[in-house]
Amino acid sequence: MGIITQVPFLLTIYLSTQSWTLIRPDLGRNFVGFRNYAEQVFSGGFGIILVQTLILSFVALALCCLIGLGLALLLNRDFRGKGLIQTLLVTPFFIMPTVTGLIWKNELFNPSFGLITYFARLLGVEHFDPMAQHSLIMIATMVAWEWEPLFMLVLLAGLQAINEEEIEAAQLDGCSRLGIFRHIELPHLMPYYRVVILLGSLFILQIFGEIYVSTAGGPGNSSMNLPYLVYQTGLVGWQVGAASAIGVATLIITLVILMVLLRTMNAVAREE
Amino acid sequence: MRWSHHVQNLILYLAVIVIFGPIFWLIVTSFKTEADAYAMPPKVFFSPTLVEYRGALESFWAPFFHSVFMVGISTILSLILGVPAAFALSHYQSRRNESIVFWFITTKALPPVAVMIPLFVIFRELRLLDTPWALIIVFTGMNTPIVVWMMYQFIKDLPPGIIEAAQVDGVRLWGMLWRIVIPLTRSGLAATAMLCVIFAWNEFLFSVSFTAIKWEPLSVAVAAQQTSRGQFWAQLSAFTTLAIAVPVVVGWLTQKQLVRGLTSGAVK
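Draft legend 1. Seen up close, the overall build of chain B. Scanning chain B from N- to C-terminus turns up 13 helices and 0 strands. When the helices and strands of chain B are read in sequence order from the N terminus, they spell out α-α-α-α-α-α-α-α-α-α-α-α-α. Classification of the 268 residues of chain B by burial places 57% in the buried group. In chain B, once contacts between residues fewer than 6 apart in sequence are set aside, the share between residues at least 24 apart is 77%. Looking at chain B, you have 18 positive and 12 negative side-chain charges, and the mean spots of the two groups are 7 Å apart.

Draft legend 2. The arrangement of the overall build of chain A in detail. Along the backbone of chain A there are 13 helices and 2 strands. Sorting the 272 residues of chain A into buried and exposed places 54% on the buried side. Long-range pairs, those at least 24 residues apart, make up 68% of the contacts in chain A between residues at least 6 apart in sequence. Here chain A displays about 12100 Å² of accessible surface, and carbon together with sulfur accounts for 65% of that area. Charge separation in chain A, taken as the distance between the mean sites of 13 positive and 17 negative side-chain charges, equals 9 Å.

Draft legend 3. Representation of the interface of chain B and chain A. Taken residue by residue, the interface counts 73 residues in chain B and 75 residues in chain A. A buried area of about 6700 Å², summed over both sides, lies between chain B and chain A, and 81% of it is on carbon and sulfur atoms. Three residues stand out in chain B for area buried against chain A, namely Leu12, Ile19 and Ile117 of chain B, and they jointly supply 9% of the buried area on that side. Across the contact surface, chain B and chain A share 0 salt bridges. Top contributing element to the side of chain B that touches chain A by residue count: helix H1 (residues 2-30) of chain B, with 16 residues. Residues that form the side of chain B that touches chain A fall into these classes: 56 nonpolar, 15 polar and 2 charged.

Draft legend 4. Broad picture of the pattern of salt bridges. All names here are of chain A. Taken as a whole and judged by the stated rule, the model has 1 salt bridge over all chains. Taking the shortest distance from any N to any O, the salt bridge between arginine 177 and glutamate 185 comes out at 3.3 Å. With relative accessibility at 48%, the residue arginine 177 sits in the partly exposed group.

Draft legend 5. Fine view of the side chain of glutamate 146 of chain A. Residues and elements named next belong to chain A. One can find glutamate 146 in helix H8 (residues 135-160). What makes glutamate 146 buried here is its relative accessible area of 4%. If near-sequence neighbours (up to four positions away) are discounted, glutamate 146 is found in contact with Pro92, Phe93, Ile95, Met96, Pro97, Thr100 and Glu210.

Draft legend 6. Structural view of the nonpolar core. In terms of nonpolar packing, the biggest core is built from 171 residues, with Leu89 and Trp104 of chain A together with Met116 and Phe210 of chain B touching the most fellow members. Examining the composition of this core, we find that 17 residues originate from one element, H8 of chain A, more than from any other. Apart from the residues within four sequence positions on either side, leucine 89 of chain A is in contact with Leu71, Leu75, Glu148, Pro149 and Met152 of chain A together with Leu12, Ala15, Val16 and Ile19 of chain B.

Draft legend 7. Summary view of a nonpolar patch on the surface. Residue and element names in this part refer to chain A. Side chains of Phe119, Leu122, Leu123 and Val125 sit close together on the surface and give an oily, nonpolar patch of about 440 Å² of accessible area. By secondary structure assignment, the location of leucine 122 is in helix H6 (residues 115-122). Given the relative accessible area of 57%, leucine 122 is considered exposed.

Draft legend 8. Fine view of the packing of aromatic side chains. Residue and element names in this part refer to chain B. Counted by the stated rule, this structure contains 31 aromatic pairs over all chains. Consider the rings of phenylalanine 64 and phenylalanine 65, whose centres lie 5.5 Å apart with planes at 70 degrees: the pair is edge-to-face. With a centroid separation of 6.0 Å and 75 degrees between ring planes, the pair formed by phenylalanine 69 and tryptophan 133 is classed as edge-to-face. Note that phenylalanine 69 is positioned in helix H4 (residues 61-91) and tryptophan 133 in helix H7 (residues 132-156), a separation of 64 residues in sequence. Through a chain of ring-to-ring contacts, the aromatic side chains of Phe60, Trp61, Phe64, Phe65, Trp201 and Phe239 assemble into a single cluster. Across from the ring centre of phenylalanine 46, 5.2 Å away, lies the NZ or CZ of lysine 32, which sits over that ring.

Draft legend 9. Quick peek at H8 of chain A. All names here are of chain A. For H8, with 26 residues, the first-to-last C-alpha span of 38 Å sits near the 38 Å given by 1.5 Å per residue. Of all the bends in H8, the greatest, near 40 degrees, is centred on tryptophan 147, and the proline proline 149 appears no more than four residues after it. For H8, a buried count of 22 out of 26 residues is recorded, marking the element as mostly surrounded by other parts of the structure.

Definitions and limits used
- Residues numbered from 1 in each chain as written.
- Chains lettered and ligands numbered in written order.
- Predicted model: local features only at pLDDT ≥ 70, side-chain atom pairs only at ≥ 80, totals over all residues.
- Heavy atoms only, no water.
- Helix = DSSP H or I, 4+ residues; strand = E, 2+ residues; numbered from the N terminus.
- Buried < 20%, exposed > 50% of the residue type's maximum accessible area, 1.4 Å probe, protein only.
- Contact = heavy atoms within 4.5 Å.
- Lys, Arg positive; Asp, Glu negative; His and termini not counted.
- Charge placed at Lys NZ, Arg CZ, Asp CG, Glu CD.
- Areas by Shrake-Rupley, 256 points an atom, 1.4 Å probe, with all protein chains shown as cover.
- Buried area = accessible area lost by both parts, 1.4 Å probe.
- Salt bridge = Lys/Arg side-chain N within 4 Å of Asp/Glu carboxyl O.
- Nonpolar A, V, L, I, M, F, W, Y, C, P; charged D, E, K, R; others polar.
- Core = buried A, V, L, I, M, F, W, Y, C linked by side-chain atoms within 4.5 Å.
- Patch = residues over 30% accessible without salt bridge, like charges linked within 9 Å, V, L, I, M, F, W, Y side chains within 5 Å.
- Phe/Tyr/Trp six-rings, centres within 6.5 Å; stacked < 30°, edge-to-face > 60°.
- Lys NZ or Arg CZ within 6 Å of the ring centre and 35° of its normal.
- Expected span 1.5 Å × (residues − 1).
- Bend = angle between axes of the 7 residues up to and from the residue.

Given below as structure tokens:
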């Protein structure tokens, strides 16, 4: 375990100080100090992709939190066919990221035969091609579609763990549905939100397959995130040193984001 | 009251259409001919055919067996490494154990891209690229922390008396693991294994980086089919339906246990 994750990371740091282009063995491998960082990380291009990564993750997480909560509340009742509906709603979580990309790109939004393109045309929308026009937001919705089930399941588990007597007592005291949600359910869900937001952001910050299949980071670099940039630099451009520098930067940024998230959520939990 | 009940059901049905609809339509398309698949407006009524599956199956079996082999071996290895660790951590109770278990899960915070490049260089040196072993090593490393995390919760949820009673009866440590802990946490163990299968089966970043034609798994094959057969949407749908069948069925069977294992310890 340690060998798999820790040692390669030390190697990443070492490689990030090298100038090494795999397809140009004639250039050899040279120590360049922090030049990779100066050129790759402290550059305008990196900044834009960092901002895109943050927008993508934030939009996807926010959608997951809202939709997940809504569905969990709707499912936390007794009605016929509950098991089946829940099972259907969970399904996107088990689908390959590459298939998610494929569904978005080909089935739903293909400019000529996409299902949603057809409905857009019925409504009179011309040149409907959101995968090209709003690529980053489209990636965020596809990620939200894929990860919403996890939020729904965890929050549902949270709702089901609430003591029913507590709610009945509140109802007897004349508490409205909204009041119950605000004063009993939401505070109770906080630890569940904490877990699922941490888990979710771990994975959502590292989205790759969806982008690879649906937009390949394009048009231009408009839907690229940091993992895709590392892949592009390292295994398409074969610049090992430069890709390693971006990888190290990605790690530091991820850890900072997770730390801030954890701090904020602990602060919120304390206020409650 | 009844009225609001029906409105809520209606919203749920709409949610099912939006969320499950795309997958349903993918499966529907796989039973169409190419001409029907491209028809505009989209054809709802058509005569279903298996003809596209024939074409899809030709290129399906090789990546399917690659996936089964690599995912299977790596899942078994993750369990062999992770279950005894989880047992030890929950058996010898100490305050530090909680933080060790937490450390295991924080290794998942390490972005795969931060280690991908050196792993690529190492596997290239060892001539492991485009062999099953590179991905087996990666999947095992990726899933072992999840096994430790989940099994720790399941073992800790066992009634404490059972282990003590076994100790009094003089059951040895290994016997305890084999004859008591594993049988009692069966369903949790199954859910953990299934989660490993889903994660490894769907993994893409390492898969596309470390394999090429000889050992490409299904997730990579789907992406490759998309570029080479993008023009054959019905056949691509058939291929994709086959590719997602395993994780979807596995996921359906384990959804309840999965949530319990992922959250139980963390929300107490």
